[in-house]
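# Summary of structural features
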Amino acid sequence: MAARDPEATKARIFEAAVAEFARHGIAGARIDRIAAEAKANKQLIYAYYGNKGELFASVLEKKMLDLAISVPVDPDDIEGWIDRLLDYHAAHPELLRLLFWEGMEYGTAELPHEAERQAHYARKVAAVRDGQERGVISDAIPAPDLLFLLVAMANWAVVVPQMKRILVGGGDDADRLRDSIKEAARRIVER
């Protein structure tokens, strides 16, 4: 009989949950499919993570933390930050899918763990505000709005790839769009 490894089981559950939620959203995700994919007992999922909503919140929180660590906001190099953000989301499109599903599910209602989410974004806004106070980037747009606009420009093509394909095209056109996004970001923050 194989030795139990709770951490490996949690990791398999987590990865299966990421894929399931990214594919089906909160309402469409099924704990049975997550358990089968993770080769784990369904009761373990509930024991480790609670209900389906808590599992989703845990998955999204961990994915957002990975993004924050991997691609911190850099007001001293907005174009480089946009490049890194675009690269991150190209490699990890599931995060934006999770956020999109969350928006579809909750709309403007309060989110589970919303205080933690606000703290997460407050740190990013603080980085933008610091850049504004140091005169590195423009303060013509309030820091929260500026961050929202920059993130939206960088993320939208991954969220709606069909619009990107129809409006922009593919292949070399994707490189042109990247350059255009960076140029727009540079102009928005320009002093």
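Structural data are supplied above this passage.
Residues numbered from 1 in each chain as written. Predicted model: local features only at pLDDT ≥ 70, side-chain atom pairs only at ≥ 80, totals over all residues. Heavy atoms only, no water.

Further remarks concern the overall build of the protein. Looking only at helices and strands, the protein features 10 helices and zero strands. Along the protein, from the amino end to the carboxyl end, the secondary structure elements read α-α-α-α-α-α-α-α-α-α. The dimensions of the protein, computed from C-alpha atoms along their principal axes, are 65 × 35 × 35 Å. When the 191 residues of the protein are sorted by exposure, 36% land in the buried category. Counting 26 positive and 31 negative side-chain charges, the protein places the centres of these two groups 5 Å from one another. (Helix = DSSP H or I, 4+ residues; strand = E, 2+ residues; numbered from the N terminus. Buried < 20%, exposed > 50% of the residue type's maximum accessible area, 1.4 Å probe, protein only. Lys, Arg positive; Asp, Glu negative; His and termini not counted. Charge placed at Lys NZ, Arg CZ, Asp CG, Glu CD.)

Turning our eyes to something else, we now look at the packing of aromatic side chains. Applying the stated rule across the entire model yields one aromatic pair. Aromatic pair F21 and F56: ring centres 5.1 Å apart, planes at 85°, arrangement edge-to-face. Within this pair, whereas F21 is found in helix α1 (residues 6-28), its partner F56 is found in helix α4 (residues 52-70), the two being separated by 35 residues in sequence. On the basis of relative accessibility, which here comes to 0%, the residue F21 falls in the buried class. (Phe/Tyr/Trp six-rings, centres within 6.5 Å; stacked < 30°, edge-to-face > 60°.)

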